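# Descriptive analysis of the structure
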Amino acid sequence: MRLTLLTLLALTACKNDIVLDQTNVAPTVEIQTPEDGTVYNDGATIELQGLVSDENGIEDITHFSWVSNLDGVIAEPPAIELDARGVTRWAGQLSVGSH
């Protein structure tokens, strides 16, 4: 069996703090690893790494999660963290199929 991995990092919320002289800018995400189309064997441990950026500051991010189109939410806090640079990591197994 083969597992083809396409990953998604989802941001689902930001703080509602309103600063009158600053526009609240939507956060952005970048999947750093693995690359789209990477193929894994069934049962392999898959390591995901993403970078979250927010022009209003990383402390503006109140919720984030790793989401698979087949498995749904696969990781969210407290199981994963966002470091001071905005990097988040997860390692585990996913069901067989194209994610």
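Counting restarts for each chain, with residues numbered from 1 along the sequence as it is written. A pLDDT threshold of at least 70 governs which residues receive local features in this predicted model, and a stricter bar of 80 or more applies before side-chain atom pairs are shown or counted, although totals over entire chains, interfaces and linings include all residues. Side-chain numbers here rest on the full set of heavy atoms in the structure, without hydrogens or water.

### Some thoughts on the sheet that holds strand β8 (residues 87-92)
- In spatial order, the strands read β3-β5-β8; together these three strands make up an open sheet with antiparallel pairing. Of all the strands in the sheet, just β3 (28-33) and β8 have a single pairing partner and so form its edges. Strand-to-strand twist in this sheet, taken as the mean axis angle between neighbours without regard to direction, amounts to 25 degrees.
- Here, any two strands with at least 2 DSSP bridges between them count as paired. Secondary structure is summarised from DSSP: a helix means a run of H or I of at least four residues, a strand means a run of E of at least two, and numbering begins at the N terminus for each. Direction of pairing for β3 relative to strand β5 (residues 46-53): antiparallel, over a ladder of five bridges. Bridge pairing links T33 to Q49 in β5. Between N-to-C directions, angles span 0 to 180 degrees; the directions come from axes that are lines fitted to C-alpha atoms, helices contributing only their stretch in contact.

### Side note on the pattern of salt bridges
- One speaks of a salt bridge when a side-chain nitrogen belonging to Lys or Arg is within 4 Å of a carboxyl oxygen belonging to Asp or Glu. Overall, the coordinates contain one salt bridge when judged by the stated rule.
- A salt bridge links R85 to D83, with the shortest nitrogen-to-oxygen separation between them at 3.3 Å.
- Think of it in three bands: with a 1.4 Å probe and only protein chains considered, a residue is buried below 20% of the maximum accessible area for its type, exposed above 50%, and partly exposed in between. Judged by relative accessible area, which is 59%, R85 ranks as exposed.
- Note on D83: relative accessible area 26%, which makes it partly exposed.

### Quick word on the side chain of H99
- Tracing the chain through its elements places H99 in the segment after β8.
- Given the relative accessible area of 3%, H99 is considered buried.
- Here a polar contact is recorded for every N or O atom pair within 3.5 Å, except that within protein the pair must consist of a potential hydrogen donor and a potential acceptor, and residues adjacent in sequence are included only if both atoms are side-chain atoms. Within polar-contact distance, the side chain of H99 engages the side chain of S68 at 2.5 Å.
- Only 2.7 Å separates the side chain of H99 from the backbone oxygen of S95, close enough to count as a polar contact.

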